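Residue strings, one per chain:
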Amino acid sequence: MLLPVAVILLGSGTWYAVSKRTKNAGMTAERKVIFDQLINQPQDPDLLREMADVFDKHGLKEQGALLRKRANLRELPPETKETHKQIFREAMASKDPAYVLGIAVAFDKQGATGNAAALRKYAAGLKTSAKAA
Amino acid sequence: MASVEMQKAAAELIERSRAGDQNATAMIIEIRRAALRGVKKAQIGFDLLRRLVEANPHRPEIRLDGSDRMGAEGYEALGALAKRGPILALAALVIIPSTGGEDGITAAAVLLANGPQPITKRLVSDIAAGIDETQHRKLFFYGVQCCGLDGRSLADELSGRGDEPLFVHAGRCVGLARSIQRVRLPNSRISAFNVSAGWELGE
C-alpha cells in the first residue's frame, strides 16, 4: 500500500513541476501514469478525492469525476456492496456474453472499472470459446 | 494518400488474413495483381497494406501481450478442449496460449470453468499426470498458482530464467478456470479473484 502511495506522491510532485510548462495540455504521459495507478490499485478514498481536484484543476474533468466515483464506491452502504457482489458473482456464472457486458457497463458507470474489466475479459472468453464449440 | 476508412479496411484485411481467413488472403493477392497491372487505386491500397505489414510484422511465436486474436489453430485446439476435456486434450491446452496469446488463455479458462467438471485439486493433479517431464510438470503447477499474474511480465520472467513458458501458460488456463469457479460461490472473496474488483466492492 505504501509503495503505490509513494509513487503517486512522487508522480504528483513531478506533475506540478511539469504543469507550469504544460498547463491544460490534457492527458500527458505523466498524468496518465498517475491516473492509471489511481484507478488500477486500491487507494485511500481521501487521496482519490484530492487527486480528483487536481485533475479537475488541469481541465481533466472526466478523469476527476471517475476518481470521485471510485472514492464514493468505498462509502456505499454494506447491503448495497453485498448486492453488487452478488451481481458480480452471477455475471461471472452467466454464459450470455451480452448480459455480462451489460453488467460491465453498469459497473463502469459507477466507477468500478476493475469489476467492469474483469467482466469484459470473461465476456470475451465466452465469445471466443463459443466460436470454437 | 489513403483515407482513414481505407487504412481501417487494410488493417482489418491483414488481421483476418493472419487469423487464417482465406478470403482475406485472396483479396490481398488480388489487390497485388491489380497493382502490378497498374490500377491506380490498387497501387495505393497495396502500398498501404505493405506499409502496415512492415510496421506490424507477424509474430507467430508465443504471444502474450494481450492484444492478439485467436488464430485458426487456436480455435481448433479450443474445440478439442471442449470436446475431450483437459486431461485427454492436454496437448490442446499447451497449444492454445502459443496460438491465441492472452485471448486464448482467457477463452480456455472460461471454457473449462463452464465445463462439466469442477476444477478440484484432484483434477489439476490428473491433468499434470499427463505431462512426462518433471520440470514441465513443475512449470504447469507454477502456472496454476500464479494464474492471476500479468501474462507479459510472466513471459519476461520466464524467458529471463530460460524456462519453457508453454506449460506455465497451460497451468494458467487451469488456474484461471479454478478462480472463476471459486468466485461464483456464495460468500466468495472477490479480491482473491481480482484485487481491484474486490476493493471496489468493499473488501
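Residues numbered from 1 in each chain as written. Chains lettered and ligands numbered in written order. Predicted model: local features only at pLDDT ≥ 70, side-chain atom pairs only at ≥ 80, totals over all residues.

Visitor: Please explain the overall build of chain A as it appears in this structure.
Guide: Counting secondary structure elements, chain A contains seven helices and zero strands. Buried positions account for 34% of the 133 residues belonging to chain A. Sequence separation of at least 24 residues holds for 43% of the intrachain contacts in chain A that already meet a minimum separation of 6. (Helix = DSSP H or I, 4+ residues; strand = E, 2+ residues; numbered from the N terminus. Buried ≥ 20, exposed ≤ 12 C-beta atoms within 10 Å, placed from the backbone. Contact = placed C-beta atoms within 7 Å.)

Visitor: Explanation requested: the environment of B:A11 in the structure shown.
Guide: The topology assignment puts B:A11 in helix 1 (residues 4-18). When the 14 C-beta atoms within 10 Å are taken as the criterion, B:A11 is described as partly exposed.

Visitor: What exactly am I supposed to notice about helix 4 (residues 72-88) of chain B here?
Guide: Each α-helix winds once per 3.6 residues, and so residues spaced three or four apart point in a common direction. Over its 17 residues, helix 4 of chain B extends only 21 Å from the first C-alpha to the last, a length that falls short of the 24 Å expected when each residue adds 1.5 Å. At B:A82, helix 4 of chain B shows its largest bend, some 80°, and a proline, B:P86, comes one to four positions later. Listed in full, the buried residues belonging to helix 4 of chain B are B:G74, B:Y75, B:A77, B:L78, B:L81 and B:P86. Considering only its buried residues, helix 4 of chain B is in contact with helix 7 (113-132) of chain A together with helix 5 (90-113), helix 6 (121-129) and helix 9 (165-183) of chain B. (Expected span 1.5 Å × (residues − 1). Bend = angle between axes of the 7 residues up to and from the residue.)

Visitor: I would appreciate a short explanation of the environment of A:F107 in the present structure.
Guide: Residues and elements named next belong to chain A. Structurally, the position occupied by F107 is in helix 6 (residues 97-109). Measuring from C-alpha to C-alpha, the distance between F107 and I87 comes to 10.0 Å, with 20 residues separating the pair along the chain. If we skip the residues at most four places from it in the chain, F107 touches A112, N115, A116 and L119.

Visitor: I keep staring at the domain arrangement of chain B and nothing clicks. Help me out?
Guide: The parts lose accessible area when they come together, and the size of an interface is often stated as this lost area. Segmentation of chain B into domains returns domain 1 (4-55) and domain 2 (72-198). Distance from the C-alpha centre of domain 1 of chain B to the C-alpha centre of domain 2 of chain B: 36 Å. (Domains from an automatic or database assignment.)

Visitor: Could you clarify how one ought to interpret the interface of chain A and chain B in this entry?
Guide: Listed by partner, the interface residues are 28 residues for chain A and 25 residues for chain B. Secondary structure elements with two or more residues in the side of chain A that touches chain B: helix 5 (78-93) and helix 7 of chain A. When residues in the side of chain A that touches chain B are grouped by element, the largest group, 12 residues, is from helix 7 of chain A.

Visitor: Explain the domain arrangement of chain A to me, please; I cannot follow it from the model alone.
Guide: Residue and element names in this part refer to chain A. Each assigned domain of chain A is listed here: domain 1 (2-73) and domain 2 (78-132). In this assembly, five residues from domain 1 lie in contact with four residues from domain 2. The element best represented in the side of domain 1 that touches domain 2 is helix 4 (residues 61-73), accounting for four residues. Tallied by class, residues from the side of domain 1 that touches domain 2 come to three nonpolar, no polar and two charged. (Nonpolar A, V, L, I, M, F, W, Y, C, P; charged D, E, K, R; others polar.)

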